Amino acid sequence: MVSKPLAIAGVVAVLLAGGAGFALADSGGTPTAENATVSVSADATVERAPDRATVTVAAVGRGETAAAARDNLTGDADAVQQALEDEGANVTSSRFSVHPEYERTETGREQVGYIAVHTVEAETSDVDSVGTLIDTAVDAGADRVEGIRYELSEATRQDAREDALTTAMERARADAETVAAAEGRNVDGVATIQTSDSGRYVVRTEAAFAADSGGSTTISPGPVTVDAAVQVTYELE
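Along every chain, residues carry numbers that run from 1 in the direction the sequence is written. With the structure being a predicted model, the display of local features is reserved for residues of pLDDT at least 70 and the display and counting of side-chain atom pairs for 80 or more, all residues being used for whole-chain, interface and lining totals. Just so you know, side-chain values use all the structure's heavy atoms and leave hydrogens and water out.

### So, the overall build of the protein
Every helix listed is a DSSP run of H or I at least four residues long, and every strand listed is a run of E at least two residues long, numbered separately from the N terminus. In terms of regular secondary structure, the protein is built from 4 helices and 11 strands. Taken over 237 residues, the protein has a buried fraction of 38%. Across the protein, the fraction of contacts at a sequence separation of at least 24, relative to all contacts at a separation of at least 6, is 73%. If you sum the accessible surface of the protein, you get close to 13100 Å²; carbon and sulfur atoms cover 46% of it. Throughout this description, buried means an accessible area under 20% of the type-specific maximum (1.4 Å probe, protein chains only), exposed means over 50%, and partly exposed covers the range between. By definition, residues are in contact when any of their heavy atoms lie within 4.5 Å. Here the open area of atoms and residues is found with the Shrake-Rupley method and a 1.4 Å probe, where only the protein chains shown may cover a residue.

### Comments concerning the packing of helix H2 (residues 77–86) against helix H3 (residues 130–140)
Helix-helix packing is characterised by the crossing angle of the two axes and by the distance between the axes. Interaxial angles span 0 to 180 degrees and are taken between N-to-C directions of axes, which are lines fitted to C-alpha atoms, for helices over the stretch in contact. Closest axis-to-axis distance for the H2/H3 pair is 8 Å, and the angle between their directions is 150°. Viewed along their axes, H2 and H3 adopt a mutual orientation that is roughly antiparallel. Judged by the twist between their axes, the crossing of H2 over H3 is right-handed. Taking contact as the criterion, the partners of Ala79, Val80, Ala83 and Leu84 in H2 are, on H3, Leu133, Thr136, Ala137 and Ala140. Charged residues are taken to be Asp, Glu, Lys and Arg, nonpolar residues to be Ala, Val, Leu, Ile, Met, Phe, Trp, Tyr, Cys and Pro, and polar residues to be all remaining types, Gly included. Broken down by class, the residue content of the contact of H2 with H3 amounts to 7 nonpolar, 1 polar and no charged. Should an angle fall under 35 degrees it is called roughly parallel, over 145 degrees roughly antiparallel, and 65 to 115 degrees roughly perpendicular, with every other angle called oblique. Handedness of a crossing follows from how the near helix is turned relative to the far one, being left-handed for an anticlockwise turn of less than a right angle and right-handed for a clockwise one.

### Topic: the environment of alanine 168
With respect to the helices and strands, the residue alanine 168 is situated in helix H4 (residues 154–182). Exposure remark for alanine 168: the relative accessible area of 0% places this residue in the buried category. When the C-alpha atoms of alanine 168 and alanine 42 are compared, they prove to be 5.4 Å apart, with 126 residues separating the residues in sequence. Contacts of alanine 168, omitting those with residues within four sequence positions, involve Ala42, Asp43, Ala44, Ala228 and Val230.

### Concerning H4
Here the expected span of a helix is defined as 1.5 Å times the quantity of residues minus one. Given a rise of 1.5 Å per residue, 29 residues ought to cover 42 Å, and the 42 Å separating the end C-alpha atoms of H4 matches this to within 8%. When we look at burial in H4, the residues that qualify are Thr156, Arg157, Ala160, Arg161, Ala164, Leu165, Ala168, Ala172, Ala176, Val179 and Ala180. Glycine 184, located one to two residues past H4, shows a positive phi value of around 75°.

### Looking at the side chain of threonine 119
Tracing the sequence through the fold places threonine 119 in strand S6 (residues 108–124). Among the residues examined, threonine 119 registers a relative accessible area of 8% and is labelled buried. Apart from residues lying up to four places away in sequence, threonine 119 is in contact with Thr56, Val57, Ala58, Ser93, Ser94, Arg95 and Glu146.

### So, the nonpolar core
The definition of a nonpolar core used throughout is a set of buried Ala, Val, Leu, Ile, Met, Phe, Trp, Tyr and Cys residues joined through side-chain atoms within 4.5 Å. Core analysis: the largest hydrophobic core is formed by 23 residues, its most contacted members being Val38, Ala172, Ala176, Val187, Val230, Tyr234 and Leu236. Broken down by secondary-structure element, the contributors of at least two residues to this core are strand S3 (36–48), H4 and strand S11 (224–236). Among the elements that make up this core, the one with the highest residue count is H4 (8 residues). By size, the runner-up hydrophobic cluster in this structure holds 19 residues, among which are Val55, Ala77, Leu84 and Val127.

Structure, rendered in structure tokens:
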């Protein structure tokens with residue numbers, strides 16, 4: 001027997017605890033097993049070590065004209081690309097751009113010439129080889145590291161997402177049972193489920209340094225986190 005009504009004017013209460021919202025509702029004046037529900041929100045976060053990395057390097061040239069900047073490129077992008085491929089990386093793009101270069105003076109901004117940038121982007125599934133790829137690119141003529149991006153392969157990300165969803169559903173069920181028990185009810189079936197998720201990909205490194213000439217670069221990536229959230233409506237008995 002229910003000790004007190006579950007709903008007045010359709011909603012008894014909304015309880016907020018730990019960021020999760022609960023609502024006990026009833027479609028009529030007298031609660032029954034057929035029309036009483038509890039809605040619960042829960043989320044979970046899973047971390048995975050990155051298993052894919054993208055390295056972007058560039059050769060840079062400067063000159064008084066666009067042509068001079070192009071001719072003054074410090075390295076040959078084709079040589080950089082070949083060197084990265086020889087190390088087992090997959091070169092995904094090679095881009096060239098040239099544009100005016102300015103510097104700020106006492107009277108304002110003044111054009112001082114042109115800058116040419118030839119970037120090469122390469123991917124690898126061997127994340128431990130990123131430091132070696134950087135050294136290889138520099139030795140082949142690249143003089144600037146534009147960026148290092150770590151992320152998850154599709155298979156790893158899907159596995160992490162499933163783990164996060166499973167944990168979120170377990171939390172949702174536990175919260176629903178707690179709320180239902182407080183009202184003298186038991187959780188029965190599931191009426192509706194809504195899910196959402198996101199991945200926060202690592203775009204920084206925890207440590208990156210190059211030794212003196214003849215040394216090597218060491219990169220230590222941070223983890224990639226995958227979030228999942230669920231909103232579940234349970235039927236009560």
